Amino acid sequence: MKALLIGGGGREHAIGLSILKSGTELVVISPNRNPGLMRIAKEVIIGNENDKELVLENALRVEPDYVFIGPEAPLASGVSDILFENNLKVFAPSSSAARLETSKAFCRRFMTENRLEGNIESTSFSDPVKAKDFIEQIDYDFVIKPDGLTGGKGVMVQGVHFLTKKEGIEIAQDYLLSENQTLLIEKKVKGEEFSLQGFVHDTEIVFLPIVQDYKRAFEDDKGPNTGGMGAICFSERGLPFIDPKTVLEAKAILKQLITRFSEKVVDYVGPIFGGFIATAEGPKLLEINARLGDPEAMNALSLTKNSIMDIAVSMLHNKVPKLEFENKINVLRYLVPKGYGTKSVPSTIQLDEEALMLKGIKTFYASVNLKGKMLEQTSSRSLALLSEGEDLEEVNGRFDDLSSMIKGEYSMRNDIGTEMMIEKKKNFMNSLTGGRA
Ligand code: GLY
C-alpha cells in the first residue's frame with residue numbers, strides 16, 4: 001500500500017510515523033525540507049501544499065491508495081475537493097465539511113440552529129459600528145474571534161489580551177476595518193481547556209485520549225497566544241484536572257454535532273478536533289478543527305497502537321476500528337525561534353538527535369529546513385521534543401541538561417507538564433467547581 005501525506009510540520013511527522021507502522025510506503029508533499037519526513041518517506045515533493053493543481057498532478061503520478069492531509073489551509077483551498085473529484089481515496093473532509101473550522105460563524109450558527117449542547121453565546125459582525133453598539137450593551141466579559149483561519153493566534157480574550165470594553169471595541173473595530181473579514185464576539189467562559197481528537201466517517205466517530213495544549217508563548221501561561229508551545233497527554237487516564245464525566249459529555253457533544261452535520265449538511269470524513277473548555281457547568285465547545293491538532297497529534301498518535309492508515313482503511317470501509325493505547329503519559333515541548341508569538345527571529349540550530357534518543361526523548365521535526373547538518377528555522381515552530389513514561393517525574397526528568405544536545409538560538413517553555421503547573425490547574429478547577437471536579 002502507498003499513502004500520500006500533505007504537509008510538512010510536526011503533526012505531519014507524527015502522522016507519517018503512524019502511517020509507517022502499517023508497513024505502508026509514504027510519499028509526502030511538503031513546503032519545507034523536513035528532516036523527519038525526508039528520513040521516513042520514499043519521496044518528498046517540495047512544493048506549495050495549498051496549490052491544488054500541484055497536489056493533483058503529483059497524486060495522479062504517485063497513485064496512492066490513500067491520501068492524508070495534515071493542515072487546515074489545503075482543505076480551505078480545495079485540495080481535498082480536487083482529489084475527491086479525481087476519485088482518490090482521501091481521509092480528510094471536503095472544503096464544505098471543513099467549514100466547521102474555516103468559518104467559526106458557520107459553526108456557531110449550525111450549533112445554534114440545531115440546538116446542540118456545549119454551545120457558547122456568540123454573535124458575528126462585519127460592521128464596526130454594529131460591533132461597537134453590541135459590545136457597549138453586553139454585561140459579560142467577552143472574547144474577540146476572527147471568523148476565518150488564524151493558525152491558533154487570532155483570539156483575543158478580555159482580562160488576558162485586553163482589559164476594558166473600550167480596548168475591546170478598539171481591537172474589534174481595527175480588525176474589521178483592516179481585515180475586511182467577519183469576527184465573532186463570544187461570551188468568555190472560565191475553565192481549563194482540553195483537546196478532544198478523533199476520526200470520523202459519516203456518523204461514526206472514534207476518539208483519541210484527550211490532550212492539553214499550552215497555547216501561551218511564555219512560562220506560567222503568560223504572553224501572546226501561539227499555535228501551541230507544547231502539550232501533555234495521560235492516555236486513557238485522562239487529565240488530572242479534568243473530570244472524566246466532562247470528557248464523556250464532550251464526546252457526546254462532538255458525536256451529536258457530527259451526526260447532525262452529516263445528516264443535514266454534508267458527509268464528514270477524516271480527523272476531527274474539538275477544542276473544549278471544562279467549566280463549572282460542564283464542557284463548552286470553543287472551536288472545531290477539521291484536522292488533528294499540532295502539537296496534540298504528536299502526543300496522541302505516539303500513544304496510539306493502531307496505525308492511522310489502518311484506522312482510515314477501516315473507517316472508509318464503514319468499519320469502526322477499536323483503538324488501543326499505551327498506558328503511559330507524555331509531555332511535549334516545542335522548540336521555537338526567539339520572538340515566536342510576536343516577531344520571530346529565525347536562526348540556525350544543531351541537534352544531536354541520537355543523544356536525545358539515548359536519553360529517551362523522541363524528536364518530531366516541524367517548520368525547519370535541513371541544510372547539511374544544520375537546521376534552518378523558519379518563523380514558525382522548529383521541532384518538538386517528546387518524553388514518555390510511567391509518571392511525571394520520570395517524564396519531566398529527561399528534559400534536564402539538554403544544552404549539550406541542542407546548539408543555537410531558540411526558546412522553549414520549561415514548565416510544560418510540570419507538577420507545579422498541574423497542581424495549579426487542579427486548584428483552579430477546584431475553585432470553579434467547589435471541589436466537585
Ligand atoms: N494546537 C491547537 C491546534 O492545532 O489548533
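The rules behind the values
Residues numbered from 1 in each chain as written. Predicted model: local features only at pLDDT ≥ 70, side-chain atom pairs only at ≥ 80, totals over all residues. Heavy atoms only, no water. Salt bridge = Lys/Arg side-chain N within 4 Å of Asp/Glu carboxyl O. Buried < 20%, exposed > 50% of the residue type's maximum accessible area, 1.4 Å probe, protein only. Helix = DSSP H or I, 4+ residues; strand = E, 2+ residues; numbered from the N terminus. Pairing = 2+ DSSP bridges. Near = heavy atom within 4 Å. Polar contact = N/O pair within 3.5 Å; in protein donor to acceptor, adjacent residues only side chain to side chain. Areas by Shrake-Rupley, 256 points an atom, 1.4 Å probe, with all protein chains shown as cover. Nonpolar A, V, L, I, M, F, W, Y, C, P; charged D, E, K, R; others polar. Core = buried A, V, L, I, M, F, W, Y, C linked by side-chain atoms within 4.5 Å. Contact = heavy atoms within 4.5 Å. Expected span 1.5 Å × (residues − 1). Arc of directions from axis to C-beta. Axes fitted to C-alpha atoms, helices over the stretch in contact; angles between N-to-C directions. Lys, Arg positive; Asp, Glu negative; His and termini not counted. Patch = residues over 30% accessible without salt bridge, like charges linked within 9 Å, V, L, I, M, F, W, Y side chains within 5 Å. Charge placed at Lys NZ, Arg CZ, Asp CG, Glu CD. Phe/Tyr/Trp six-rings, centres within 6.5 Å; stacked < 30°, edge-to-face > 60°. Lys NZ or Arg CZ within 6 Å of the ring centre and 35° of its normal.

Draft legend 1. Just the pattern of salt bridges, in detail. Counting across every chain of the model gives 24 salt bridges. Among the charged side chains, a network of salt bridges with common partners joins Glu192, Asp221, Arg413, Asp415 and Lys425.

Draft legend 2. Here's a closer look at the pairing of strand S6 (residues 142–146). Counting buried positions along S6 gives five out of five residues, so the element sits mostly inside the fold. Residues Phe142, Ile144 and Pro146 line one face of S6 and the alternating positions Val143 and Lys145 line the opposite face, and both faces are buried. Pairing of S6 with strand S8 (residues 183–187) involves five bridges; the strand directions are antiparallel. Counterpart to Lys145 in the pairing with S8 is Leu184. Of the pairings in the sheet, the one linking S6 to strand S7 (residues 156–157) comprises two bridges and is antiparallel in character. Paired with Val143 across the two strands is Val157, which belongs to S7.

Draft legend 3. Local environment of the site of the ligand. Lining the immediate surroundings of the ligand are Asp213, Gly227, Asn289, Arg291, Gly293, Asp294, Pro295 and Glu296. Separating a nitrogen atom of the ligand from a side-chain N or O atom of Asp213 is a distance of 2.8 Å. Here Asp294 contributes a backbone N or O atom positioned 2.9 Å from an oxygen atom of the ligand. Relative to its unbound accessible area of 200 Å², the ligand is 91% covered by the protein chains. Its residues assigned to classes, the shell around the ligand comprises one nonpolar, three polar and four charged.

Draft legend 4. Layout of the nonpolar core. Membership of the largest hydrophobic core comes to 119 residues, with the highest contact counts inside it found for Phe68, Leu83 and Phe199. Of all the elements, helix H10 (residues 244–264) adds the most residues to this core, at seven residues. Once you skip the residues sitting within four places of it in the chain, Phe68 turns out to touch Ala3, Leu4, Leu5, Ile6, Ile15, Ile19, Phe91, Ile308, Met309 and Ala312. Core analysis: the second largest hydrophobic core is formed by 15 residues, Phe125, Ile135, Tyr140 and Ile185 among them.

Draft legend 5. A look at helix H15 (residues 419–433). Between the first and last C-alpha of H15 there are 21 Å, a value that for 15 residues agrees with the 21 Å anticipated at 1.5 Å per step. Listed in full, the buried residues belonging to H15 are Met421, Ile422, Lys425, Met429 and Thr433. Taken around the axis of H15, the buried residues stretch over an arc of 100°, which confines them to a single face. Seen from the open side of H15, the exposed residues pointing more than 90 degrees away from its buried face are Met420 and Ser431.

Draft legend 6. Geometry of the sheet that holds strand S5 (residues 122–125). With antiparallel pairing, the four strands of this open sheet are ordered in space as S5-S8-S6-S7. The two strands at the open ends of the sheet, each matched to only one other strand, are S5 and S7. Of the strands in this sheet, S5, S6 and S8 touch helix H7 (residues 104–113), which is tilted by about 50° from S8. Across the face of the sheet, helix H9 (residues 165–179) comes into contact with S5, S6, S7 and S8 while running at roughly 10° to S6.

Draft legend 7. Layout of the sheet that holds strand S21 (residues 374–377). Strand order in the open sheet formed by four strands is S20-S21-S18-S23, with antiparallel pairing between adjacent strands. One side of each edge strand has no neighbouring strand; the edge strands of this open sheet are strand S20 (368–371) and strand S23 (406–407). Across two bridges, strand S18 (residues 348–351) lies against S21 in antiparallel orientation. The residue of S21 that forms the bridge with Thr348 is Glu376.

Draft legend 8. Representation of the pairing of strand S4 (residues 66–69). Covered by surrounding structure in S4 are Tyr66 and Phe68 together with Val67 and Ile69, the residues of both alternating faces. Here strand S1 (residues 2–6) pairs with S4 via four bridges, running parallel. Across the sheet, Ala3 pairs through a bridge with Tyr66, a residue of S4.

Draft legend 9. Just the side chain of Asp213, in detail. Mapping Asp213 onto the fold places it in strand S11 (residues 211–213). There is no salt bridge for the buried Asp213, and the closest opposite charge comes from Lys215, which lies 4.2 Å off by N-O distance.

Draft legend 10. Representation of unusual backbone geometry. Going from Asp294 to Pro295, the amide bond is cis rather than trans, its omega being 25°. As for its position among the elements, Pro295 is in the loop between strand S16 (282–289) and helix H11 (296–302). A positive phi angle is found at Asn318, which is not glycine, with a value near 60°. For Asn318, a relative accessible area of 60% corresponds to the exposed category.

Draft legend 11. Here's a closer look at a negative patch on the surface. Taken together, the side chains of Glu390, Asp391, Glu393 and Glu419 present a region of like negative charge at the surface. By the secondary structure assignment, Asp391 is in the loop between strand S22 (383–389) and helix H14 (392–397). For Asp391, a relative accessible area of 39% gives the class partly exposed.

Draft legend 12. Up close: the packing of aromatic side chains. The tally for this structure, following the rule as stated, stands at seven aromatic pairs. Seen in terms of ring centroids, Phe110 and Phe261 are 5.4 Å apart; in terms of plane orientation they differ by 85°. Their pairing is edge-to-face. Here Phe110 is found in helix H7, whereas its partner Phe261 is found in helix H10, with 151 residues between them in sequence. Here Phe110 matches Phe261 in class, with each residue buried. With a centroid separation of 5.7 Å and an interplanar angle of 15°, the aromatic rings of Phe194 and Phe276 are classed as stacked. Of this pair, Phe194 sits in strand S9 (residues 192–201) while Phe276 sits in strand S15 (residues 269–279), and the two are 82 residues apart along the sequence. A relative accessible area of 1% means that Phe194 is categorised as buried. Aromatic rings pair up to connect Phe68, Phe91 and Phe199 into one cluster. The aromatic ring of Phe106 is capped on one face by Arg99, whose charged end is 4.3 Å from the ring centroid.

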